[in-house]
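Structure at a glance
So the chains spell out like this:
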Amino acid sequence: KTTILRIVAGLEETKKETISIAEEVKTLSLYLDIEKARFEEDFNYHILVDDEIDAENIKIPTMLLQPYVENAVKHGLLHKKGEKRLTIDFERIFDSLIITIDDNGIGRQKSAELKAIKNKDNLSFATEAMQNRIELLNQYKQQNIAINFEDKFNKNEQSLGTKVIIESPITY
């Protein structure tokens, strides 16, 4: 019952334009706890917030991170054999907030190949929709949010996962 109330409270947050980092961490933790129960023993996550960050007062756009975290879990980690790790790191560098979502999943290329096999006629537009949302926020809210994707590989060109790096000006 408590979990359901927390999820409803988290959904209420989506009506706001911005959310504090502290509230975002709570919401992401709830989501990841649910996913952890589904994966059983081989999924671990960590959410790290730099001591330089005023998590109660620094704001980010609502639902900025959720789609990227969900992609990491459902497309990167779900199909990985063995230990699955996800780290979300909030770091302050001067007047910028750097949020890194780092997974050790199968990688974007392998995920796209699996998706093409399963959904030949179903084109996903989630990444494009998020990019459009970022462009709108940058244009109309005078923000300068940048999203970068880093595909991680070992020396044998095998995927080590994906890193999403979101850079945003610090706003209160």
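Quantities reported herein were computed from a predicted structural model and do not represent experimental measurements. (Residues numbered from 1 in each chain as written. Predicted model: local features only at pLDDT ≥ 70, side-chain atom pairs only at ≥ 80, totals over all residues. Heavy atoms only, no water.)

Let's shift gears to the packing of aromatic side chains. By the definition in use, this model includes three aromatic pairs. For the pair Phe 39 and Phe 43, a centre-to-centre distance of 5.1 Å together with 40° between the ring planes defines the contact as tilted. Judged on exposure class, the residue Phe 39 and its partner Phe 43 are both buried. Note on Tyr 68 and Phe 149: the rings are 6.1 Å apart at their centroids and 55° apart in plane angle, and the pair reads as tilted. Placement of the pair is Tyr 68 in helix H3 (residues 66-77) and Phe 149 in strand S6 (residues 146-153), with a sequence separation of 81 residues. The rings of Phe 39, Phe 43 and Tyr 45 are connected pair by pair, giving a single aromatic cluster. Lying over the aromatic face of Phe 39, Arg 38 brings its terminal NZ or CZ to 5.6 Å of the ring centre. (Phe/Tyr/Trp six-rings, centres within 6.5 Å; stacked < 30°, edge-to-face > 60°. Buried < 20%, exposed > 50% of the residue type's maximum accessible area, 1.4 Å probe, protein only. Helix = DSSP H or I, 4+ residues; strand = E, 2+ residues; numbered from the N terminus. Lys NZ or Arg CZ within 6 Å of the ring centre and 35° of its normal.)

Ranked by size, the top nonpolar core spans 36 residues in total, and within it Leu 32, Leu 86 and Ile 166 carry the most contacts. Of all elements in the fold, only helix H2 (21-39), strand S2 (43-49), H3, strand S4 (84-93), strand S5 (96-103), helix H5 (126-140) and strand S7 (159-169) reach the threshold of two or more residues within this core. Contacts of Leu 32, omitting those with residues within four sequence positions, involve Phe 43, Tyr 45, Ile 47, Val 69, Val 73, Leu 86 and Ile 88. (Core = buried A, V, L, I, M, F, W, Y, C linked by side-chain atoms within 4.5 Å. Contact = heavy atoms within 4.5 Å.)

Let's shift gears to unusual backbone geometry. Non-glycine residue Phe 94 carries a positive phi angle of around 55°. For Phe 94, the location among the structural elements is in the loop between S4 and S5.

Quick look at the pattern of salt bridges now. Within the structure shown, the criterion is met by seven salt bridges. Glu 70 is the partner of Lys 74 in a salt bridge, and the nearest nitrogen-oxygen pair spans 3.7 Å. Here Glu 70 and Lys 74 lie together in helix H3, a separation of four residues that amounts to about one turn. Owing to a relative accessible area of 32%, Lys 74 belongs among the partly exposed residues under this scheme. Between Lys 152 and Asp 102 there is a salt bridge, with its nearest N and O atoms 2.4 Å apart. Residue Lys 152 is located in strand S6, and its partner Asp 102 is located in strand S5; the two are separated by 50 residues in the primary sequence. (Salt bridge = Lys/Arg side-chain N within 4 Å of Asp/Glu carboxyl O.)

Take it as geometry only, folks, not as evidence of what the structure does.
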